[in-house]
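# A look at the structure
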Amino acid sequence: MTMNLSPRVVLVTGASRGAGKGIAQAFGRLGDIVYVTGRSQQEGDAPLPGTVSATADAVTRLGGVGVPVICDHADDEQVASLFQQIQKERGQLDILVNNATCLHDDLVVPGPFWEKSLQLVDILNVGLRSSYVASYHAAKLMAAQKSGLIINTSSPGAACYMHGPAYGAQKAGSDKMIWDMAQDLKPFNIACASIWMGVLKTERLDAVMAADPEKYAAFFQMAESPEFTGRVIDALYRDKDLMEKTGQAFIGAEIGQELGVCDVDGSQPQSHREMLGGPLPYNPAVVM
């Protein structure tokens, strides 16, 4: 990874912690201008540590320009205001990473979906719908400049049973959304892709490990840094064959290896295709 001579303008949603924070930091190391969104204004606003400002500060310390924006992605007016701010301050948007996701504590609790909180379905609002709304606004900016990249963060839950039907529907919908958006975006030289992330070394995994280290030791051993996905997105953006890859869902470890991307510690994350399956094929037919 090398610093960009001309900083890109990047938006990472849901970046107070976890995957979003790691992705934002990866772009910070490259010297980019990174807008980060979330709802956590101060520690204690959420059960897990992390705030929007802390992530933005980390981006700046790493060599980029971090711009914190408090934004509830369930509120369309706040999202519209976010993109108006980017347009006014920068006049461009090069990369959008749709990562904001509503993850209920019941998500990983064993049992059938009807015995868990009905609020699990909120992931179809902040997670699926929110990605559509953000992409809607981003596409207008990118179409005007005739360039850009839109990424949805996803997982093998799109193709196998993982955490129940709400989670699966969100991930499957996220991947299909990318396939369909590509049909509209390609004539404007805008690419889009879905990235299946692996087990991530995040604050959430740390909490799980602290509660039962022996049970989850194997997961920790196979986990990748959340910055790895940011590195993959950067490599995709620079790929001369990017427009040939548009519309696809990729296993992060696989496309990372193809593009020569390593994790921050120099390791090569492993694909779990054999165990969890791979992205689903879609029919190329186009019905207007």
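Heads up: these notes are all about the structure in this document. (Residues numbered from 1 in each chain as written. Predicted model: local features only at pLDDT ≥ 70, side-chain atom pairs only at ≥ 80, totals over all residues. Heavy atoms only, no water.)

## A word on the pattern of salt bridges
Evaluation of the coordinates by the stated rule reveals ten salt bridges. We note a salt bridge from Asp-76 to Arg-129, for which the minimum N-O separation is 2.9 Å. With a gap of 53 residues between them, Asp-76 in helix H3 (residues 76–90) and Arg-129 in helix H4 (residues 125–145) connect regions that are remote in the sequence. A relative accessible area of 33% places Asp-76 in the partly exposed class. Salt bridges sharing common partners tie together Arg-8, Asp-32, Asp-234 and Arg-238. (Salt bridge = Lys/Arg side-chain N within 4 Å of Asp/Glu carboxyl O. Helix = DSSP H or I, 4+ residues; strand = E, 2+ residues; numbered from the N terminus. Buried < 20%, exposed > 50% of the residue type's maximum accessible area, 1.4 Å probe, protein only.)

## Digging into the sheet that holds strand S4 (residues 95–98)
Taken in spatial order, the seven strands of this open sheet run S3-S2-S1-S4-S5-S6-S7, and their pairing is parallel. Across the chains shown, the open sheet's two edge strands, defined by having one partner strand only, are strand S3 (65–70) and strand S7 (249–251). Averaged over all pairs of adjacent strands, the angle between their axes in this sheet comes to 20°, without regard to strand direction. Relative to the sheet, helix H2 (residues 52–61) contacts strand S2 (33–38) and S3, its axis offset from that of S3 by approximately 170°. (Pairing = 2+ DSSP bridges. Axes fitted to C-alpha atoms, helices over the stretch in contact; angles between N-to-C directions. Contact = heavy atoms within 4.5 Å.)

## Side note on the side chain of Asp-234
In this structure, Asp-234 sits in helix H8 (residues 226–238). For Asp-234, a relative accessible area of 5% corresponds to the buried category. There is a polar contact of 2.8 Å between the side chain of Asp-234 and the side chain of Arg-8. The contact partners of Asp-234, leaving out residues within four places of it in the chain, are Arg-8, Phe-27 and Leu-30. (Polar contact = N/O pair within 3.5 Å; in protein donor to acceptor, adjacent residues only side chain to side chain.)

## Looking at unusual backbone geometry
With a phi angle near 65°, His-163 is a residue other than glycine that sits in the positive phi range. Of note, His-163 is situated in the loop between strand S5 (148–154) and helix H5 (165–185). The class of His-163 is partly exposed, set by a relative accessible area of 31%. Its identity as a non-glycine residue notwithstanding, Asn-189 has a phi of 60°, on the positive side.

Limitation: the analysis is restricted to geometry and does not speak to function.
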